[in-house]
Amino acid sequence: MPRLLIITHPEVVVDPQVPVCDWGLNESGRHQGALFGGSDQMASVTHIWSSTETKARETADLLAGPRDLPIAVDARLGENDRSATGFLPPPRFEAAANTFFADPKTSFKGWETASDAQAQIVRAVQEITTRHNGGDLAIVTHGAVGTLLYCHLCGLPIDRVHDQPGQGHYWTADLTSLRPDHGWKAMA
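Before going into details, it helps to say that this report is about the structure given with it. As the structure is a prediction and not an experimental result, all values here were calculated from the model.

## Re the sheet that holds strand 2 (residues 45-50)
- One open sheet holds the six strands; their spatial order is 3-2-4-1-5-6, and the pairing between them is mixed. Strands at the two margins of the open sheet, each flanked by one partner only, are strand 3 (71-73) and strand 6 (185-186).
- On top of the sheet, helix 2 (residues 54-64) reaches strand 1 (3-8), strand 2, strand 3 and strand 4 (136-141); it is set at about 170 degrees to strand 2, its chief contact.
- On top of the sheet, helix 5 (residues 143-154) reaches strand 1, strand 4 and strand 5 (169-174); it is set at about 30 degrees to strand 5, its chief contact.

## A few points about the packing of aromatic side chains
- Taken as a whole and judged by the stated rule, the model has eight aromatic pairs.
- Joined through ring pairs, the aromatic side chains of Phe 93, Phe 100, Phe 101, Phe 108 and Trp 111 make up one cluster.
- The aromatic ring of Trp 111 is capped on one face by Arg 82, whose charged end is 5.9 Å from the ring centroid.

## Details of the pairing of strand 5
- Within strand 5, six of the six residues are buried, which leaves the element mostly enclosed by the surrounding structure.
- On strand 5, burial covers both faces: His 169, Trp 171 and Ala 173 on one face and Tyr 170, Thr 172 and Asp 174 on the other are all buried.
- Two strands pair when backbone bridges link them, and strand 1 and strand 5 are joined in this way by five bridges, in the antiparallel orientation. Its bridge partner lying in strand 5, Leu 5 is registered against Thr 172.

Reading the values: rules and limits
Residue positions are counted from 1 within each chain, in the order its sequence is given. Two thresholds apply to this predicted model, a pLDDT of at least 70 for residue-level local features and 80 or more for giving and counting side-chain atom pairs, whereas whole-chain, interface and lining totals are computed over all residues. Remark: hydrogens and water are excluded; side-chain values derive from all non-hydrogen atoms of the structure. For two strands to count as paired, DSSP must find a minimum of two bridges between them. Elements are defined by DSSP. Helices are runs of H or I of four residues or more, strands are runs of E of two residues or more, and each kind is numbered from the N terminus. Two residues form a contact once any of their heavy atoms are found within 4.5 Å. Fitted lines through C-alpha atoms give the axes, limited to the stretch in contact for helices. The angle between two N-to-C directions lies from 0 to 180 degrees. Between rings of Phe, Tyr and Trp, where Trp is taken as its six-membered ring, a pair exists when centres lie within 6.5 Å; planes separated by under 30 degrees are stacked, by over 60 edge-to-face, and by other angles tilted. Note on criteria: charge over ring means Lys NZ or Arg CZ within 6 Å of the ring centre, with the direction from the centre no more than 35 degrees off the ring normal. Burial classes follow relative accessibility: with a 1.4 Å probe on protein chains only, a residue under 20% of its type's maximum area counts as buried, one over 50% as exposed, and anything between as partly exposed.

Encoded structure:
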């Protein structure tokens, strides 16, 4: 039975002078992505979709490499829009993310709301999976929206308790029902 893999990019080069959407993978992240690309989890994948953000596209390239898989991109798979605040140092970002998840219908200082981001990722994934035919399908996205998608598909309220514990994680679902098999697991 074909599976859907929702995959988040691994570790990135954090540069406050560069827009977050332009950050690329660091050496550890590239290594982790390459290992996962050759893993059994990717063995039946026939197509990869990615967000347009650099870190996701780089991850998709690493995952596609061992099997020369086709990659398509869709901006709707991108992370929630946080451009209103730009880069936030880790402690401030974690507090902002807590607020984002805790109050899904309210914008944190101009961020896209969690409810709006969830609606967008759900629509995108439903459209992509409906058009897919073949084996397993991998979608490379980001932690917050991957968690929002997971909550929706599990029938759970938006809550950060379901968030990935760090970068470079995945969960799988039945490709027909889109019902998740499990929560976040580490790529490696």
